[in-house]
Amino acid sequence: MTNRTPICAANWKMHKTRPEAAAFAVALPPLVAGELERVEVWVCPPFTALATTTEALGEAAIRVAAQNMHFEDSGAFTGEVSAPMLAELGVDGAIVGHSERRQLFAETDEALARKVPAALAAGLVPILCVGETLEQREAGDTEATLRRQVEADLVDVADDDLERVVIAYEPVWAIGTGRNATSEQAVEAIEFIRALVAVRSDAAAEAIRIVYGGSVKPGNAADVLSPNGIDGALVGGASLDPNDFAAIVAACR
Ligand code: PEP
């Protein structure tokens, strides 16, 4: 048993207009009211719906994260948004290193090594995604890939700050494919990631939350997420419907 509070986060990706986000933010709190003492619930809307979502959630104890951020506070970076800008909106965190950003938008570990400390410096919780592709898994390179990402992305985070990071183990082959990792595969990877953190700090390894993401649905959530050591879920497709997401929140308990 651990003292870590599980996390369940909704990654809406490029979905939901502001009225749709507001409707979700009004619908969700009563659906998860019974879980909020035991599960930390996060919603990650597109940039355009962040303010609407924080406002519509009101006093509900549900946190809001962006899906990306730049590592500089300000500057000539057209199209980018900084961590202090997000904090000013009342946002609590930012997903960084999602595989879609790594694969489609050339997000590098060098950039992530700057984004994670920049998020922490602005008071945001970085939700750092790591995970192997199918090719890497089939070539037996899962651990080497995770090691490279975790070591590189956290290199400039002080040992004492590591526990403020949330890591999402998201095997790329399971994202949006309907093919989830088995709980054994998820536990194995998460234990490996925790051991990598322990090389830096035993206390941080004990405290850091490491969640699983990849085709989690109401129908498989209890199965995939039940083992000790999986500290919750990052949910894409199934998080767009408040009832489906609430069912997954309940499974994260
Ligand atoms: C994600 O985008 O982080 C994700 C886990 O997506 P899905 O649940 O749709 O696989």
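Conventions we followed
Residues numbered from 1 in each chain as written. Predicted model: local features only at pLDDT ≥ 70, side-chain atom pairs only at ≥ 80, totals over all residues. Heavy atoms only, no water. Pairing = 2+ DSSP bridges. Helix = DSSP H or I, 4+ residues; strand = E, 2+ residues; numbered from the N terminus. Right-handed = clockwise from strand over helix to strand, strands pointing away. Near = heavy atom within 4 Å. Polar contact = N/O pair within 3.5 Å; in protein donor to acceptor, adjacent residues only side chain to side chain. Areas by Shrake-Rupley, 256 points an atom, 1.4 Å probe, with all protein chains shown as cover. Nonpolar A, V, L, I, M, F, W, Y, C, P; charged D, E, K, R; others polar. Axes fitted to C-alpha atoms, helices over the stretch in contact; angles between N-to-C directions. Parallel < 35°, antiparallel > 145°, perpendicular 65-115°, else oblique. Left-handed = near helix turned anticlockwise from the far one by under 90°. Contact = heavy atoms within 4.5 Å. Domains from an automatic or database assignment. Buried area = accessible area lost by both parts, 1.4 Å probe. Salt bridge = Lys/Arg side-chain N within 4 Å of Asp/Glu carboxyl O. Buried < 20%, exposed > 50% of the residue type's maximum accessible area, 1.4 Å probe, protein only.

Caption draft 1: Main features of the pairing of strand E3 (residues 63-66). Summarising the sheet, strand E2 (residues 40-44) and E3 pair through 2 bridges and their orientation is parallel. Paired with Val43 across the bridge in E3 is Val64. Regarding the hand of the β-α-β motif, the stretch spanning E2, helix H2 (residues 50-57) and E3 is right-handed. Relative to strand E4 (residues 93-96), E3 runs parallel, the two being bridged by 2 bridges. The partner of Ala66 across the bridge, within E4, is Ala94. Chirality of the crossover, the property in question, places the unit of E3, helix H3 (residues 83-88) and E4 among those that are right-handed.

Caption draft 2: Structural view of the site of the ligand. If you check the shell around the ligand, you find 14 residues, and the closest are Lys13, His98, Glu170, Gly176 and Ser215. At 3.2 Å, a side-chain N or O of Asn11 approaches an oxygen atom of the ligand. At 2.8 Å, a backbone N or O of Ser215 approaches an oxygen atom of the ligand. The protein chains hide 98% of the 290 Å² of surface that the ligand would expose on its own. Residue classes in the shell around the ligand are distributed as 4 nonpolar, 8 polar and 2 charged.

Caption draft 3: Broad picture of the packing of helix H7 (residues 142-153) against helix H8 (residues 183-200). Where H7 meets H8, the axes come as close as 10 Å, and the angle between the chain directions of the two elements is 40 degrees. By the angle class used here, H7 and H8 are oblique. For the pair H7 and H8, the crossing hand works out as right-handed. Along its contact with H7, which presents Glu143, Leu146, Arg147, Val150 and Glu151, the element H8 presents Ala189, Phe192, Ile193 and Leu196. Looking at the contact of H7 with H8 residue by residue, the class counts come to 6 nonpolar, no polar and 3 charged.

Caption draft 4: Structural view of the domain arrangement of the protein. Splitting the protein by domain gives domain 1 (1-68) and domain 2 (107-162 + 171-211 + 224-234). One C-alpha centre belongs to domain 1, the other to domain 2, and the line joining them spans 21 Å. Carbon and sulfur atoms make up 50% of the area that domain 1 and domain 2 hide from each other, which totals about 1100 Å². When the buried surface of domain 1 facing domain 2 is broken down by residue, Arg4, Ile7 and Ala9 rank first, second and third, together holding 49% of it. Between the two partners, domain 1 and domain 2, sit 2 salt bridges. Those elements that place two or more of their residues in the side of domain 1 that touches domain 2 are strand E1 (7-11) and E2. Per-element tally for the side of domain 1 that touches domain 2: the top contributor is E1, with 4 residues. Of the residues belonging to the side of domain 1 that touches domain 2, the class tally is 7 nonpolar, 4 polar and 3 charged.

Caption draft 5: Seen up close, the pattern of salt bridges. Inspection of every chain in the model, using the stated rule, returns 14 salt bridges. For the salt bridge of Glu107 with Lys115, the shortest nitrogen-to-oxygen distance reads 2.9 Å. You can call Glu107 buried: its relative accessible area is 13%. Its relative accessible area of 5% is what places Lys115 among the buried residues. Of the charged contacts, one joins Asp159 and Arg200 as a salt bridge, the two residues approaching to 2.8 Å between their closest N and O atoms. Taken together, the residues Asp159 in the loop between H7 and strand E6 (166-169) and Arg200 in helix H8 connect sequence positions 41 residues apart. The partly exposed category is assigned to Arg200, whose relative accessible area is 29%. In the salt-bridge network here, residues are joined through shared partners; they are Arg4, Arg194 and Asp231.

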